[in-house]
Amino acid sequence: RDGRAFGSLLRCVLHYRSQAVLVVRTVVAGEVFGALADCWEEGNGTFGGSAECLLLSLLPVMQVYRPTGKSKNFVYLNSRSKRAPRGLG
């Protein structure tokens, strides 16, 4: 079930050429968090994006987490490579 939903999400966002917001609500605790990204490319285990990307928390507390500038690891998307962790981050 989850793999199919993740695959559907990827088909809708891959190669999207603008900023997009991903918002997630947890089922048990009802927490809401998300990300703003300017890069929706399959990285196959590598990072992409720019300093415009950020993470956010909406519930239980609203907070925005911006890049510190200490690294260039902004967005991670891997659904294919078995040699690197799979997921979105």
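Use the structure listed above.
Right, let's walk through the structure included here. (Residues numbered from 1 in each chain as written. Predicted model: local features only at pLDDT ≥ 70, side-chain atom pairs only at ≥ 80, totals over all residues. Heavy atoms only, no water.)

## What about the sheet that holds strand S1 (residues 20-25)?
No. 1: One open sheet holds the four strands; their spatial order is S1-S2-S4-S5, and the pairing between them is antiparallel. In this open sheet, the two edge strands, each paired with only one partner strand, are S1 and strand S5 (63-65). On average, each strand axis in the sheet is inclined to that of its neighbour by 20 degrees, with strand direction left out of account.
No. 2: Where strand S2 (residues 32-37) lies against strand S4 (residues 54-59), five bridges are found, and the strand directions are antiparallel. Note on S4: the bridge partner recorded for Leu36 is Leu54. (Pairing = 2+ DSSP bridges. Helix = DSSP H or I, 4+ residues; strand = E, 2+ residues; numbered from the N terminus. Axes fitted to C-alpha atoms, helices over the stretch in contact; angles between N-to-C directions.)

## Here's the deal with a nonpolar patch on the surface
No. 1: A surface patch of nonpolar side chains, amounting to about 480 Å² of accessible area, comprises Val21, Val23, Leu58, Leu59 and Met62.
No. 2: Counting residues per element, the ones that place at least two in the nonpolar patch are S1 and S4.
No. 3: Positionally, Val21 belongs in strand S1.
No. 4: The class of Val21 is exposed, set by a relative accessible area of 52%. (Patch = residues over 30% accessible without salt bridge, like charges linked within 9 Å, V, L, I, M, F, W, Y side chains within 5 Å. Areas by Shrake-Rupley, 256 points an atom, 1.4 Å probe, with all protein chains shown as cover. Salt bridge = Lys/Arg side-chain N within 4 Å of Asp/Glu carboxyl O. Buried < 20%, exposed > 50% of the residue type's maximum accessible area, 1.4 Å probe, protein only.)

## Things to note about the environment of Ser79
No. 1: In this fold, Ser79 is placed in the loop between strand S6 (75-78) and strand S7 (87-88).
No. 2: Note on Ser79: relative accessible area 22%, which makes it partly exposed.
No. 3: Separated by 37 residues in sequence, Ser79 and Glu42 place their C-alpha atoms 7.4 Å apart.
No. 4: When residues no more than four places from it in sequence are discounted, the contact partners of Ser79 are Phe6, Leu10, Glu42 and Arg86. (Contact = heavy atoms within 4.5 Å.)

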